[in-house]
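# Descriptive structure summary
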Amino acid sequence: DDFKKVTVADPQFEEALEAYTSMAYRLSVSPPRTWKTERSKGLAHAAHLLSQGMVSMQTAGDWFFPWYDKTPNFEWDVVPMPYAPRTRRTASLANFRGQVIAPTSRNRDLGWAWIGFLTERGVQDRVPALFGEVPARMDSIEAAYLSTAASPTPKNRKLLKAAVDSTHALPAHPLILRPDFNAAVGTVNDVYDGKRSAHEVLAEIERKLKGFLA
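These lines cover the structure that appears in this document, whether it is placed above or below. It should be emphasised that the depicted structure is a prediction, and the values quoted were computed from it without experimental measurement.

## Here we look at the pattern of salt bridges
Scanning the entire structure with this criterion turns up 13 salt bridges. Measuring nitrogen to oxygen at the nearest pair gives 2.8 Å for the salt bridge that ties glutamate 15 to arginine 86. Of the two residues, glutamate 15 is situated in helix α1 (residues 11-25) and arginine 86 in the loop between α4 (65-70) and β1 (92-94); the sequence distance between them amounts to 71 residues. Look at glutamate 15 and you get partly exposed, because its relative accessible area is 36%.

Next up, the structure:
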């Protein structure tokens, strides 16, 4: 409740991280980050790794969808992120194009009016067509995002409901600045690259985060 307890090194999180990252470094079903970075040079968007045939599947957010649709004669579809071996659950992160009002705002009434407008059903129904992304309202998700009549591609769009149902807000902390937070957790890529164990990296991240709260 006071945002001072760090649980990054929790055994359940370690298990989840190991299962997810091992697909890359142990099972080799995902190309190395260095390979993807090199091949992405000169591309208008990372979506072209898939649409130009450099990979046969790709971890992608729904903001990739408009790029796929722009590629002539390109057939593509979606599945949720792989389910965890033990819990049989999947997960996703999102900010739903988040809008905020600063505590120091001098125009809070106008700010709330603007956010109220943005979250109206008529506005949220337009989000998939405008950005390819998931709306912030459940009724708009059902009517405009998961509906193939409203959003015809991908064909198996309804499978995205598993990701919607398991979505969590992007991590943020009121006591740790975003640059410090990103710097602390960035070493998780060492696990993805197979350089260090999930246990070792998470213990290090937890020590860093506790240091910010000391």
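## Concerning the environment of valine 29
Note on placement: valine 29 falls in the loop between α1 and α2 (33-40). Look at valine 29 and you get partly exposed, because its relative accessible area is 44%. In the structure, valine 29 is positioned 73 residues away from alanine 102 in sequence and 43 Å away in space, judged by C-alpha atoms. Look past the residues within four positions of valine 29 in its chain and what remains in contact with it is Met23, Ala24 and Met57.

## A word on the nonpolar core
Membership of the largest hydrophobic core comes to 16 residues, with the highest contact counts inside it found for Phe65, Tyr68, Trp76, Ile141, Tyr145 and Leu160. Broken down by secondary-structure element, the contributors of at least two residues to this core are α3 (48-51), α4 and α8 (138-145). Not counting residues up to four positions away in its chain, the partners in contact with tryptophan 76 are Phe65, Tyr68, Asp69, Thr153 and Pro154. Judged by nonpolar contacts, the second largest core, of 13 residues, contains Val6, Val8, Phe181 and Ala184.

## Comments concerning the packing of α1 against helix α12 (residues 198-213)
Across the interface, α1 lies against α12 with an axial gap of 10 Å and an inter-helix angle of 125°. The pairing of α1 with α12 is recorded here as oblique in orientation. Of the two elements, α1 crosses α12, and the hand of that crossing is right-handed. Contacts between α1 and α12 involve Phe13, Glu14, Leu17 and Glu18 from the first element and Ala198, His199 and Leu202 from the second.

Cut-offs used in this document
- Numbering of residues begins from 1 in every chain and follows the order in which that chain's sequence is written.
- Side-chain atom pairs in this predicted model are given and counted only at pLDDT of 80 or more, local residue features only at pLDDT of at least 70, and totals for whole chains, interfaces and linings cover all residues.
- Heavy atoms from the whole structure form the basis of all side-chain values; hydrogens and water molecules are not counted.
- When a carboxyl oxygen of Asp or Glu lies within 4 Å of a side-chain nitrogen of Lys or Arg, that pair is called a salt bridge.
- The numbering of helices and of strands both runs from the N terminus, where a helix is a DSSP run of H or I of at least 4 residues and a strand a run of E of at least 2.
- Think of it in three bands: residues with accessible area under 20% of the maximum for their type are buried, residues over 50% are exposed, and the middle band is partly exposed, with areas taken using a 1.4 Å probe on protein chains only.
- Any two residues whose heavy atoms approach within 4.5 Å are treated as being in contact.
- Grouping buried Ala, Val, Leu, Ile, Met, Phe, Trp, Tyr and Cys residues that are joined through side-chain atoms within 4.5 Å yields what is termed a nonpolar core.
- Here the axes come from fitting lines to C-alpha atoms, over the contacting stretch only for helices, and the angles between their N-to-C directions go from 0 to 180 degrees.
- When describing relative orientation, an angle under 35 degrees is termed roughly parallel and one over 145 degrees roughly antiparallel, while 65 to 115 degrees is termed roughly perpendicular and anything else oblique.
- Working rule for handedness: look at the near helix, and if it is turned counterclockwise from the far one by less than a right angle, call the crossing left-handed; if clockwise, right-handed.

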